[in-house]
Amino acid sequence: MTNAEGRPTTGTGRPTSRDVARLAGVSHTAVSFVFNGRAEGNLSPATQERIRLAAAQLGYRPDPVARGLRRRRTAVIGLVTDEIASSPFAGRLLRGAMETAWASEHLVLTIDSGGDPAKEDAAVAELLDRRVDGIIYAAMSLRRVRVPEGLHRTHSVLANCLPEDGSLSAVVPAERAGGRTAARLLLDHGHRRVAYIGGLDDIASVERLGGFRDALRAEGVTVPKEWVLRTGGEIAAGHDGAVRLLADAEPARRPTAVFCYNDRVAAGVLHAATRLGIAVPAELSVIGYDDQEHMAAFLTPPLTTMALPHRQMGESATRLLLDAITTGRTPPATIRRLACPVVPRSSVGPAPTV
């Protein structure tokens with residue numbers, strides 16, 4: 001049988017590997033070698049190319065279900081996360097995971113648990129029932145997590161979170177190194193009177209401030225206790241903290257630079273500076289953290305910030321998982337920390353001379 005374009009088909013209308021073999025003038029086994037990754041050493045490059053051209057001409061694609069049954073794999077990985085719907089960073093992590101999986105001929109099946117432990121356990125159980133090849137568990141804010149029940153029954157990797165029991169590999173931002181980088185940027189601009197605003201006692205806040213202090217201490221600079229304000233992570237927190245620091249201080253007695261827990265806090269600091277008549281960056285430099293999409297680049301002035309590597313975390317976690325799936329071995333649990341690079345814009349400048 002042929003279709004309207006003269007292509008041979010089966011009765012189902014879908015080209016088969018036997019159709020490809022007939023068009024390419026090779027055996028069915030040769031076609032199987034090409035599409036099962038066994039062509040090297042068994043077929044010449046010219047024969048492989050002829051088979052691929054025939055497949056392209058017919059519009060042939062291997063049946064993923066049949067191939068999965070042969071390999072005892074489904075070519076699907078699961079991704080369970082806590083708050084895709086509400087996080088501004090979810091898209092980046094998902095794109096990184098999905099594109100990396102797609103490049104290895106895998107699909108990603110995503111489930112949002114809303115942060116409910118019972119739903120997380122149910123989501124993992126559902127993915128296991130569907131025979132996914134492995135699972136990524138991702139959090140949208142860095143924290144230690146209870147490993148969902150059932151996650152140890154398959155190849156699993158964590159992204160942007162750490163296991164409470166240390167039992168699984170994780171890919172996370174290098175938060176402390178990011179804090180050091182932020183401090184070095186301000187030091188390179190001549191700043192020595194610096195403050196920190198935002199955050200509480202979460203992992204990211206502790207690590208960012210710790211790295212910031214490390215780099216300053218190495219240059220003999222100390223952040224006064226009263227210039228470290230743990231005010232939270234929202235715009236209002238940044239605004240209120242900046243007013244406390246700047247409103248009644250003479251220029252020579254106030255910070256010349258502020259490192260903010262995140263971009264929302266930095267936005268609040270910029271708003272407060274405007275209301276107080278303090279020019280940024282001429283009188284006050286401000287650096288944020290996250291490089292939040294649709295925000296950091298559109299503030300006034302555009303915000304210099306540290307980028308969280310969400311896309312890279314999705315890519316790296318997926319590669320770790322695919323390596324384990326391919327080899328059939330889960331390596332010892334490790335923590336992979338990814339750099340948080342500076343995104344330079346206009347809110348950091350030379351320290352004022354006052």
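Shown above is the structure to which this text applies.
Residues numbered from 1 in each chain as written. Predicted model: local features only at pLDDT ≥ 70, side-chain atom pairs only at ≥ 80, totals over all residues. Heavy atoms only, no water.

J.: Would you mind going over the environment of R254 with me for this structure?
T.: Relative to the helices and strands, R254 is located in the loop between α9 (235-246) and β10 (257-260). It is 7.4 Å that separates the C-alpha atoms of R254 and R193, two residues lying 61 residues apart in sequence. Residues contacting R254, with those up to four places away along its chain left out, are R193, W227, L245, L246, A249, I278 and E283. In this structure the side chain of R254 is engaged in a polar contact, spanning 3.3 Å, whose partner is the side chain of E283. (Helix = DSSP H or I, 4+ residues; strand = E, 2+ residues; numbered from the N terminus. Contact = heavy atoms within 4.5 Å. Polar contact = N/O pair within 3.5 Å; in protein donor to acceptor, adjacent residues only side chain to side chain.)

J.: What am I meant to see in the sheet that holds strand β2 (residues 107-112) here?
T.: Note on sheets: strands pair through backbone hydrogen bonds, and any given pair is parallel or antiparallel. Spatial ordering of the open sheet is given by β2-β1-β3-β5-β7-β13, a layout of six strands whose pairing is parallel. Whereas interior strands pair on both sides, the edge strands pair on one side only; in this sheet they are β2 and β13 (335-338). Strand-to-strand twist in this sheet, taken as the mean axis angle between neighbours without regard to direction, amounts to 20°. Looking at chain direction, strand β5 (residues 155-159) and strand β7 (residues 170-173) are connected through two bridges and run parallel. Along β7, the bridge assignment pairs A159 with V171. Its contacts with the sheet put helix α6 (residues 117-129) on β1 (76-81), β2 and β3 (134-138), and the angle it makes with β1 is roughly 175°. (Pairing = 2+ DSSP bridges. Axes fitted to C-alpha atoms, helices over the stretch in contact; angles between N-to-C directions.)

J.: Would you mind showing me how to read the pairing of β3 here?
T.: On a regular strand, each side chain points to the face opposite its neighbour's, so the side chains alternate between the two faces of the sheet. With five of its five residues buried, β3 lies for the most part within the structure. Both faces of β3 are covered, namely the face carrying G134, I136 and A138 and the face carrying I135 and Y137. Looking at chain direction, β1 and β3 are connected through five bridges and run parallel. Across the sheet, residue G78 finds its bridge partner in β3, namely I135. (Buried < 20%, exposed > 50% of the residue type's maximum accessible area, 1.4 Å probe, protein only.)

J.: Would you mind showing me how to read the pairing of strand β11 (residues 285-290) here?
T.: With respect to burial, β11 is a largely interior element, six of its six residues being buried. As judged from the three bridges shared by β10 and β11, these two strands associate in the parallel manner. Directly across from F259, in β11, lies its bridge partner I287. One crossover worth recording links β10 to the parallel β11 by way of helix α10 (residues 263-276), and it is right-handed. (Right-handed = clockwise from strand over helix to strand, strands pointing away.)

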